[in-house]
Amino acid sequence: MTDLRIGHGYDVHRLVKGRKLILGGVDIPYEMGLEGHSDADVLLHAVMDSLLGAAALYDIGHHFPDSDNAYKDIDSRVLLRHVCSLLAENSLCVSNIDCTIIAQRPKISPYIDKMRENIASDLKTDISRVNVKATTEEGLGFTGNMQGIASHAVSLICKCQE
């Protein structure tokens, strides 16, 4: 039996004034950013939760609690690299990751290639194994009303080849 494992991650943060908008480790010029204990990068948070779930290693709240000031305003790419090390400790490798960012604005497509590069680099995998998409909700719901941004991620991981 091949040891394939699938995980799903979801994250959402409120849009607020006075914060940078960081998605996939990319600083996106916009008049609002995401509220959160860390840099509130919903894309990377969803990716981490999908990987941790696939590996049966709990979730990001377990590893990086928002009650711990060590993670205050931390770059989520640092956390993603830590998740990569947890996978490696368990002899698990990324087969592929597929992500969707849900945001009415700003337009995400110009930044997708850099997001993919960041995720692949931090997970020590080939960029061909990482996909990022963006969609709107046609003005519906909290993302459509520009109250927040959400992201979903699905990851497939497997035992690393010897």
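Use the structure listed above.
All of the points below concern the structure found in this document. (Residues numbered from 1 in each chain as written. Predicted model: local features only at pLDDT ≥ 70, side-chain atom pairs only at ≥ 80, totals over all residues. Heavy atoms only, no water.)

Its location among the elements puts Asp41 in the loop between strand 4 (33-34) and helix 1 (42-54). It is Arg77 that comes nearest to the buried, bridge-free Asp41 among opposite-charge side chains, at 7.5 Å. Residue contacts for Asp41: discarding those within four places in its chain leaves Ile22, Leu23, Gly24, Gly25 and Ser76. (Helix = DSSP H or I, 4+ residues; strand = E, 2+ residues; numbered from the N terminus. Buried < 20%, exposed > 50% of the residue type's maximum accessible area, 1.4 Å probe, protein only. Lys, Arg positive; Asp, Glu negative; His and termini not counted. Salt bridge = Lys/Arg side-chain N within 4 Å of Asp/Glu carboxyl O. Contact = heavy atoms within 4.5 Å.)

Here the focus is the pairing of strand 1 (residues 4-16). Sheet topology places strand 1 next to strand 7 (residues 148-159); eleven bridges connect them, and they run antiparallel. Looking across to strand 7, one finds that Val12 is bridged to Ala150. (Pairing = 2+ DSSP bridges.)

What follows concerns the packing of helix 1 against helix 3 (residues 76-89). At a minimum axis distance of 10 Å, the contact between helix 1 and helix 3 shows a crossing angle of 10 degrees. The angle between the axes of helix 1 and helix 3 places the two elements in the roughly parallel class. In terms of crossing hand, the pair formed by helix 1 and helix 3 is left-handed. Judged by residue contacts, Leu44, His45, Val47, Met48, Leu51 and Leu52 of helix 1 engage Ser76, Arg77, Leu79, Leu80, Val83, Leu86 and Leu87 from helix 3. (Axes fitted to C-alpha atoms, helices over the stretch in contact; angles between N-to-C directions. Parallel < 35°, antiparallel > 145°, perpendicular 65-115°, else oblique. Left-handed = near helix turned anticlockwise from the far one by under 90°.)

Another point: the environment of Lys124. Following the sequence through the fold, Lys124 ends up in the loop between helix 4 (112-122) and strand 6 (130-135). With 23 residues separating them along the chain, Lys124 and Gln147 place their C-alpha atoms 34 Å apart.

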